[in-house]
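Coordinates in review
For reference, the chains in residue letters:
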Amino acid sequence: MTYDIVIKNGTVIDGTGSTRFSADIGIVDGKIKTVGKIDADAKEIIDASGQIVSPGFIDGHTHMDAQVSWDPLGTCSVWHGITTVVMGNCGFSLAPCAVEDKLMVMRNLERAEDIAPEAMEAGIDWTWTTFPEYLESVENLPKGINYSAYIGHSALRTYTMGERAFTDTATAEDLAAMKKELTDSINAGAMGFSTSRTRNHQTPDGDPVASRLATWDEVRELVGVMGELGAGIFEIAGEDTPRAPEAQREYHERLKDLAVDTGVPVTWGMFSSRRAPEIWPPYFDLLNETAEAGGTMFAQVHSRALNSLMSFETTMPFDKFPVWKELRAKPLAEQKKLLRDPEMRTKLIESANAGNPNAPRAVGVEASRKPAYKWLAVMDTIDGDHPSVHDLAEERGCDPVEVIIDEALKHDFKVFFRQPIANEDQDHVLEMMKHPRSVVTFSDSGAHVSQIMDSSLQTHVLAHWVREKGELDLETAVNMLTKQPAEAWGFKDRGQIKEGLAADIIIFDPDTIAPSMPEVKHDLPASAIRLVQKAEGISSTIVNGEVLMRNGDHTGVYPGKLLRGPLAQ
C-alpha cells in the first residue's frame, strides 16, 4: 500500500485523554488508515520528531457565517489549530433570507456581532433564500477548514415576519411558517437552532434584535420541532433575568424542562463576573440536575478573561465624548500630533473625567464609556502581567487618562488597553473548564472583529494552563479541545486519532505553542477593520487528509467540508 501521508516519529495524544504514545500515522483518501509502525511508501512523509500529533481542535461557538463567503482559509481560527467550527450561534445566521431583504439580517448582525455592513455588502454573494439553499452555498465555497451551522432565530423571524419581527409577537401563521422552515433546515443538515434573549444583542439603533421579541412559548414550539425530528441542538445566548435567586431559579427550571420535555440537547455559554460572582455556580448545578432528570445540557466555557481590546487604531472608551469625538475623527497621524499638544491633552483629560451622560450605553464587549482604571491594563506583549492604568498613574503621579495617552504615543499606537468584561477570576475559569458537563470553546471567531480576539483560546489553554501554570496535563487539555466538543456536537468521525476517522490532525511543539500578539488589520472586504492573531509552535495542520498549513503558512489547498447534521448524512 502507498499512503497519501505518513506522519513519523511523533508523540501521539489521541484526544481521548489517554496517555501519550509513540506511533506513526498513515492517511489514505482523507481518513486515518493506520496508527502504529509504518514501513510502507507514502506520497509525503512528515517528520514529527519532538512534536505532539493530536486531533484538530473543534470550536463550537463561532460567527463565521459571513466570513466564510470571503475568507476561504478560515482565519483567525485556522492559525490556532482549529479544523472544525460551528457557526450560526446566538440566533444569528444569514439564512433564511432573500437577497432583497438582506438589510434586515445585517441589522441583526451589525452591532450585536460587530460585523461591518460594508464588509458584508462587498464580500457576500447572496445566492440563497432558504436555509437549505444557504447550506448548498457554503458547501460549494472553497474552504480550508470544516464548517457546520445552526439556523438562527433572528433570521428565521425576519424571513417569516419581515419588519414585524423587530416589534411583534408571532401569530399562529408566523409560527407555523417558522416551524416549516426549521423542519426543512434540520432535514437539510442544520446542526440545530439558536436564539438570543440578552440585552447585549442590539441593532445599531439600540433596539432588540429580532429573536428578543419572541415569547418563551415561541422558543419552546421551535425547539419542539427538533424534538419531533429527533435531531438538532438548541443553543441560547442567555436571558436577562433579575439577580434575585428566585428569578434565576425560574429561568433554570424553564431550561431544564425544555431539555427534558423535548429530548433536545441544550447548550449555553457561561462566564463569571466580579460584579455578580454568585450567578454562575447555580448554572453548573443546573447541568447536573438536568442530567439527573433525563435531559442533556452542556455549558460552553472560555479559557481566560473575556477581554475588550481597545486601541487608538480601533476604538477607545472616550470616543463619543466632547473633544475626543473631534480628535478621533481625524487621521491617526494628525491625532498623534494633537496628543502631544499640552493644551489639547488638558482638554482631553478634562473631557474624559467629566464623562458624557449622552453617550450610548456599552453593550456586550463594546468599550466601556467609564473604564475602571484598576482593571484597564496596558497590553504591549502577549505574555506576563500587564500593569493597570491605575497603578501606572499612581507610580507616575499623573491622571490615568494621561497614562493612556503617553502609552499610546510611546508605542506609536501599537498597544492595546485590555479591559476584562467577564471571567476576571481565573480560579473560576479553571473550575468551569474542569466541570464534566462543560466544553472549552466560545471564541466568537468571525464576530466582534474590532473588539475582542478570542480565536486563540485553544492555544491559550496549552500555553497558559498546561505549560505555564501546570493546572492541566497535556492529555487532558487536548481532550478538552478535541473529543469533548466532537461528542457534544455529534461529530462522530472527528476529535480523535483513530483508524477510520477523518484525518483532521495538527502537529505542534508543546514547548512553544502559544498565541502571538494581536494586530490591527484592514483586510476585510471594503478594507473594513479587524483584529487578527496568529500562533507559534504549530508546524502542520491537516484537514481531511491534506496539509492545509505548514508553519503558519497556507499550502494553497482547500480541503474543508460542510459538515451536515445527522438527518442529512
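Below, the structure is looked at part by part.

Another point: the overall build of the protein. The secondary structure content of the protein amounts to 17 helices and 24 strands. In terms of C-alpha radius of gyration, the protein reaches 24 Å, essentially the compact-globule figure of 25 Å for 569 residues. Within the protein, the fraction of its 569 residues that count as buried is 61%. Partitioning the contacts of the protein with sequence separation of at least 6, the portion at a separation of at least 24 is 76%. Accessible surface for the protein amounts to roughly 21600 Å². Of this, 47% is attributable to carbon and sulfur atoms. Once the 56 positive and 86 negative side-chain charges of the protein are each reduced to a mean point, those two points are 2 Å apart.

Another aspect to go through is the nonpolar core. Residues F234 and W268 are the most contacted members of the largest nonpolar core, which totals 116 residues. Examining the composition of this core, we find that six residues originate from one element, helix α6 (residues 216–229), more than from any other. Those residues in contact with W268, other than ones at most four positions away along the chain, are I236, L255, Y283, L286, L287, M297, F298, A299 and Q300. By size, the runner-up hydrophobic cluster in this structure holds 29 residues, among which are M310, L327, L339 and L348.

Side chains I505 and I507 of strand β17 (residues 505–508) all project onto a buried face; the interleaved residues I506 and F508 project onto the opposite face, where all are buried too. With four bridges joining them, strand β5 (residues 52–55) and β17 adopt antiparallel strand pairing. When the sheet's bridge partners are listed, I52 is paired in β17 with F508. Inspection of the sheet shows β17 paired to strand β22 (residues 538–543) by four bridges, in the antiparallel sense. Paired with I505 across the bridge in β22 is I542.

Reading the values: the criteria
Residues numbered from 1 in each chain as written. Predicted model: local features only at pLDDT ≥ 70, side-chain atom pairs only at ≥ 80, totals over all residues. Heavy atoms only, no water. Helix = DSSP H or I, 4+ residues; strand = E, 2+ residues; numbered from the N terminus. Rg over C-alpha atoms; globule rule 2.2 N^0.38 Å. Buried < 20%, exposed > 50% of the residue type's maximum accessible area, 1.4 Å probe, protein only. Contact = heavy atoms within 4.5 Å. Areas by Shrake-Rupley, 256 points an atom, 1.4 Å probe, with all protein chains shown as cover. Lys, Arg positive; Asp, Glu negative; His and termini not counted. Charge placed at Lys NZ, Arg CZ, Asp CG, Glu CD. Core = buried A, V, L, I, M, F, W, Y, C linked by side-chain atoms within 4.5 Å. Pairing = 2+ DSSP bridges.

Note that all results are geometric; they support no functional claim without further evidence.
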